[in-house]
Amino acid sequence: MAKTAVINRDLKRRVTVEKFAAKRTALQAIANNMSLSDEDRFAARQKLQALPRNSSPVRLRNRCALTGRPRGVFSKFGLGRTKLREYAMRGEIPGVVKASW
């Protein structure tokens, strides 16, 4: 089980990313538009850098929905590898069976 503070930090980052998503995409569109003047593009880059660091989606981390484990998370299920195996063995995930060959 991950520390509660780390899980809460990730949740806080997800809220911040959602809050600034529209503004960030608009500024990136301006900064990458080659038809605009260099001054306008530079100003957009400056505003983009002034946004909070946690508003960047790169800073998000996929975590297990049950335990908060940061590594070994299957995005299809949203579970860590240990919990996925545990639930699959009990037959609680439809369509998932143990491999045998």
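How each quantity is defined
Residues numbered from 1 in each chain as written. Predicted model: local features only at pLDDT ≥ 70, side-chain atom pairs only at ≥ 80, totals over all residues. Heavy atoms only, no water. Core = buried A, V, L, I, M, F, W, Y, C linked by side-chain atoms within 4.5 Å. Buried < 20%, exposed > 50% of the residue type's maximum accessible area, 1.4 Å probe, protein only. Helix = DSSP H or I, 4+ residues; strand = E, 2+ residues; numbered from the N terminus. Contact = heavy atoms within 4.5 Å. Salt bridge = Lys/Arg side-chain N within 4 Å of Asp/Glu carboxyl O.

This brings us to the nonpolar core. The biggest cluster of nonpolar side chains holds six residues, and these are Phe20, Leu27, Ala31, Ala44, Leu48 and Leu51. Every element with two or more residues in this core is listed here: α1 (4–32) and α2 (38–50). Ranked by residue count, the leading element in this core is α1, at three residues. Ignoring sequence-local partners within four residues, the contact set of Leu27 consists of Ala44, Lys47, Leu48 and Leu51.

Under the defined criterion, the tally for this structure stands at five salt bridges. Among the ionic pairs, Arg14 bridges to Asp10, the shortest N-O distance being 3.1 Å. Placement of both Arg14 and Asp10 in helix α1 is noted, with a separation of four residues, approximately one turn of the helix. One salt bridge in this structure joins Arg90 and Glu92, with 3.2 Å as the shortest N-O distance. Since its relative accessible area comes to 48%, Arg90 is described here as partly exposed. A relative accessible area of 43% places Glu92 in the partly exposed class. Each of Lys83, Glu86, Arg90 and Glu92 takes part in salt bridges that share partners, so that together they form one network.

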